[in-house]
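So you can see what is in the structure, the chains are spelled out below.
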Amino acid sequence: MNTPYYQYDIALLRKTLDTIREETAGYDYKVHYAIKANSDEVIVKTVAENGFGADCVSIGEVRHAIKCGFAASDIAYAGVGKTDDEISEAIDLQIGCFNVESLEELHIISEIATSKNAVANVALRLNPDIDAHTHHYITTGLAENKFGISLHLLDEALMLSKTLPGLKMRGLHFHIGSQILTMEPYKLLCERIKPILDKAKNGYGLKIDYVNVGGGLGIDYENPLVNPISDFKGFFNTFKENLVLPQGSQLHFELGRAIVAQCGSLITKVIYVKRGLEKQIVIVDAGMNNLIRPALYQAYHKIENLTSKSSDRAVYDVVGPICESADTFAENLTLPVTSRGDILAIRSAGAYGQSMSSHYNMRNDAPAQYVGL
Ligand code: LLP
């Protein structure tokens, strides 16, 4: 296959899904897959076949989820800027729940649903003001943030969701950030949820049957081969131990990265090894248009040379061909001596790799190849 391409290990994906099922067995938990992490059809269909729900953030993702086998009723639809057309179509499709991100949106969903004589299921996405201690581009739960409804508007939001026509208030939604590796922020989240549930029930007589605590569980980018599966036990135990829900309500999760990141590698070929002043620069045929995480978040991805037979090592920068200095996958990386034609694997690229790719410099997409089907 021509490089660059994404290689997906579907056997690892299945093992990951099995682990999640085992860790949630016996609890009224529903795990949604955040389609934005990777919308590859084989991946999305595999997740759908395993009984998960879908977390979508555009009508394109909602349509894709349904096409790949998710029941509309298993779809949660979040996003700060849902347009009227998107809301209208999602109501027609009878999706499971709108996760509503502002009071303004609540009014619009109510108006659109009423005009169709329909009822839209809604949950309030609340901003619990928790610092997830992750990259500032992917922390989302702080008080003043474009996501979610700030807690100081909670009373107004609860009152509106109780009184506006065309709405069925199902519950509450939270999402505090991404690539979270300690359980402290989730414990804190559980503590924040309790008084909110009390207020909804006792203050407003609302019956909450849906609490969605979002996603964000991180993965081991340093040692992907040693730790290919995230700490789902620790993650779900945190909720089992810290969050008591009202009778009859279901706890929902929206995991993206932890489901798909480790099953994907970006496979790329070395075009040139260029001698610099002090170091050598490995120029590969994948660019930031294929995997933007290192350029956008200074993210680390482990890189391995799959073909070098050399037992000698050297220090390299690994860069793509795009006309931007940020198009760099690694700096000062020690690899076996690397030559033109060698094949490199950029690991942990299954989440937010292909799905964030672009055509910058009029470059092609890296297609998908599957192993372990
Ligand atoms: N739910 C909501 C409402 C979200 O906004 C997200 C991710 C998720 C669930 C899934 O989060 P996960 O389990 O994958 O952490 N492009 C960035 C990550 C952006 C995450 C956006 N929201 C990256 O490459 O690190």
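Residues numbered from 1 in each chain as written. Predicted model: local features only at pLDDT ≥ 70, side-chain atom pairs only at ≥ 80, totals over all residues. Heavy atoms only, no water.

Trainee: Looking at this model, I keep getting lost on the side chain of Asn38. Mind explaining?
Mentor: Residue position: Asn38 is located in the loop between β2 (29–34) and α2 (41–49). Look at Asn38 and you get buried, because its relative accessible area is 1%. Only 2.9 Å separates the side chain of Asn38 from the backbone oxygen of Gly350, close enough to count as a polar contact. Ignoring anything within four residues of it in the chain, the contact list for Asn38 reads Tyr8, Tyr33, Ile43, Val44, Val260, Gly350, Gln354 and Ser355. (Helix = DSSP H or I, 4+ residues; strand = E, 2+ residues; numbered from the N terminus. Buried < 20%, exposed > 50% of the residue type's maximum accessible area, 1.4 Å probe, protein only. Polar contact = N/O pair within 3.5 Å; in protein donor to acceptor, adjacent residues only side chain to side chain. Contact = heavy atoms within 4.5 Å.)

Trainee: Is there a simple way to think about unusual backbone geometry in this case?
Mentor: Peptide bonds are, in most cases, trans, and in most cases residues other than glycine have a negative phi. Geometrically, the link from Thr3 to Pro4 is a cis peptide bond, its omega value of -5 degrees lying close to zero. Position of Pro4 among the secondary structure elements: in the segment before β1 (5–9). With a phi angle near 55 degrees, Asn117 is a residue other than glycine that sits in the positive phi range. Here Asn117 is to be found in the loop between α5 (103–115) and β6 (120–127). Given a relative accessible area of 77%, Asn117 falls into the exposed group. Of note, Asp129 is a non-glycine position whose phi angle comes to about 55 degrees, a positive value. Relative to the elements of secondary structure, Asp129 occurs in the loop between β6 and β7 (149–150). Since its relative accessible area comes to 39%, Asp129 is described here as partly exposed.

Trainee: What is the right way to look at the packing of α5 against helix α6 (residues 154–163) in this model?
Mentor: Direction vectors running N to C along α5 and α6 enclose 5 degrees, while the axes themselves pass 10 Å from each other. When the axes of α5 and α6 are compared, the pair comes out roughly parallel. Mapping the contact onto sequence places Leu103, Leu106 and His107 in α5 and Glu156, Ala157, Leu160 and Ser161 in α6. (Axes fitted to C-alpha atoms, helices over the stretch in contact; angles between N-to-C directions. Parallel < 35°, antiparallel > 145°, perpendicular 65-115°, else oblique.)

Trainee: Could you clarify how one ought to interpret the confidence of the model for the protein chain in this entry?
Mentor: Should the pLDDT be low somewhere, the predicted coordinates at that spot are not to be read in detail. Summary statistics for the protein chain give a mean pLDDT of 96 and a share of 97% for residues scoring 70 or more. When mean pLDDT is taken per element in the protein chain, β1 scores highest with 99 and β7 scores lowest with 95. (pLDDT = per-residue confidence, 0-100.)

Trainee: Would you explain the domain arrangement of the protein chain in this entry?
Mentor: Where the parts come together, the accessible area they lose is often given as the size of the interface. Partitioning the protein chain into structural domains gives domain 1 (10–261) and domain 2 (262–371). Placing a centre on the C-alpha atoms of domain 1 and another on those of domain 2 gives a separation of 33 Å. The contact between domain 1 and domain 2 buries some 2100 Å² in all, and 57% of this surface belongs to carbon and sulfur atoms. At the boundary of domain 1 and domain 2, one finds 14 residue pairs in polar contact (both at pLDDT 80 or more). Contributions of two or more residues to the side of domain 1 that touches domain 2 are made by α1 (10–24), α2 and α9 (257–260). If you tally residues by element for the side of domain 1 that touches domain 2, the top one is α1, at four residues. (Domains from an automatic or database assignment. Buried area = accessible area lost by both parts, 1.4 Å probe.)

Trainee: Just checking my understanding: could you explain the nonpolar core for this structure?
Mentor: Nonpolar side chains in soluble globular proteins generally cluster together in the buried interior. Formed by 105 residues in total, the largest nonpolar core has its most connected members in Phe98, Phe239, Ile259 and Val318. For this core, the element with the highest residue contribution is helix α7 (residues 184–203), accounting for seven residues. Excluding residues within four positions of it along the chain, Val318 makes contact with Val282, Val284, Ile303, Thr328, Phe329, Ala330, Leu333, Leu335 and Leu344. (Core = buried A, V, L, I, M, F, W, Y, C linked by side-chain atoms within 4.5 Å.)

Trainee: I tried to follow the site of the ligand on my own but got confused; where do I start?
Mentor: Taken together, the neighbourhood of the ligand is formed by 18 residues, with Ser178, Glu254, Arg293, Tyr297 and Tyr352 sitting nearest. Here an oxygen atom of the ligand sits 2.3 Å away from a polar atom, N or O, in the side chain of Ser178. Between Arg257 and the ligand, the recorded distance is 2.8 Å, taken from a backbone N or O atom to an oxygen atom. Protein burial of the ligand: of its 580 Å² of free accessible surface, 92% is covered by the chains. Elements represented by at least two residues in the shell around the ligand include exactly β10 (250–255) and α10 (293–297). Tallied by class, the residues present in the shell around the ligand amount to six nonpolar, six polar and six charged. (Near = heavy atom within 4 Å. Areas by Shrake-Rupley, 256 points an atom, 1.4 Å probe, with all protein chains shown as cover. Nonpolar A, V, L, I, M, F, W, Y, C, P; charged D, E, K, R; others polar.)

Trainee: Can you walk me through α1 in this structure?
Mentor: Think of an α-helix as 3.6 residues a turn; residues three or four steps apart then line up on the same face. Here α1 is 15 residues long and its end C-alpha atoms lie 21 Å apart, about the 21 Å a rise of 1.5 Å per residue gives. Looking at α1, one finds that the buried residues are Ile10, Leu12, Leu13, Thr16, Leu17, Thr19, Ile20, Glu23 and Thr24. Among the structural elements, β1, β2, α2, α8 (232–242), α9 and β17 (368–371) are those in contact with the buried residues of α1. With a side-chain oxygen lying 3.1 Å from the backbone nitrogen of Ala11, the N-terminal cap of α1 falls on Asp9. Backbone geometry just downstream of α1 places Gly26 in the positive-phi region, at approximately 85 degrees. (Expected span 1.5 Å × (residues − 1).)

Trainee: Help me understand α2 in this model?
Mentor: For α2, the full list of buried residues reads Ile43, Val44, Thr46, Val47 and Ala48. At its buried positions, α2 is contacted by β1, α1, β2, α3 (59–67) and α9. Where α2 begins, one side-chain oxygen reaches toward the backbone nitrogen of Val42, 3.1 Å away; that side chain belongs to Asp40. The first or second residue beyond α2 is Gly51, which carries a positive phi of 85 degrees.

Trainee: Is there a simple way to explain the state of the cysteines in this structure?
Mentor: A covalent bond bridging the sulfur atoms of two cysteines is what the word disulfide describes. Per the counting criterion, the structure on display carries zero disulfides. Looking at the unpaired Cys97, the closest cysteine sulfur is the one in Cys56, lying at 12 Å. Under the relative-accessibility criterion, Cys97 is labelled buried at 1%. (Disulfide = S-S within 2.5 Å.)

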